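# What the coordinates show
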Amino acid sequence: MSKTMIALWYGEIAPFENLGKINSDLNHLAELIERNLEALLDKKSLENYDKCASCISEYAALCSQTAFSEGFSLGV
């Protein structure tokens, strides 16, 4: 196995942790979303939205992890 695959297998690297951090377009869109939400929602609504967005983010991460795992298994 290549060094990268070994590091991935043992959890030494986690590509999803850096997803979008260096993509200026994604960062810009995230800032726009945040500003627009702050303009639309009061503090309590914004807190509820943040909780919901966090759950959705965790759900999407788990879906991505499952898809990667199943795809990797098929590839092997």
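Residues numbered from 1 in each chain as written. Predicted model: local features only at pLDDT ≥ 70, side-chain atom pairs only at ≥ 80, totals over all residues. Heavy atoms only, no water.

## Observations concerning a nonpolar patch on the surface
A cluster of nonpolar side chains, Ile6, Trp9 and Tyr10, forms an exposed patch at the surface whose accessible area comes to about 390 Å². In this fold, Ile6 is placed in helix α1 (residues 3-9). (Patch = residues over 30% accessible without salt bridge, like charges linked within 9 Å, V, L, I, M, F, W, Y side chains within 5 Å. Areas by Shrake-Rupley, 256 points an atom, 1.4 Å probe, with all protein chains shown as cover. Salt bridge = Lys/Arg side-chain N within 4 Å of Asp/Glu carboxyl O. Helix = DSSP H or I, 4+ residues; strand = E, 2+ residues; numbered from the N terminus.)

## Some remarks on a negative patch on the surface
On the surface, Glu31, Glu34, Glu38, Glu47 and Asp50 cluster together into a patch of negative charge. Secondary-structure elements contributing two or more residues to the negative patch are α2 (24-40) and α3 (43-75). With 3 residues, α2 is the single largest residue contributor to the negative patch. For Glu34, the position within the fold is in helix α2. (Lys, Arg positive; Asp, Glu negative; His and termini not counted. Charge placed at Lys NZ, Arg CZ, Asp CG, Glu CD.)

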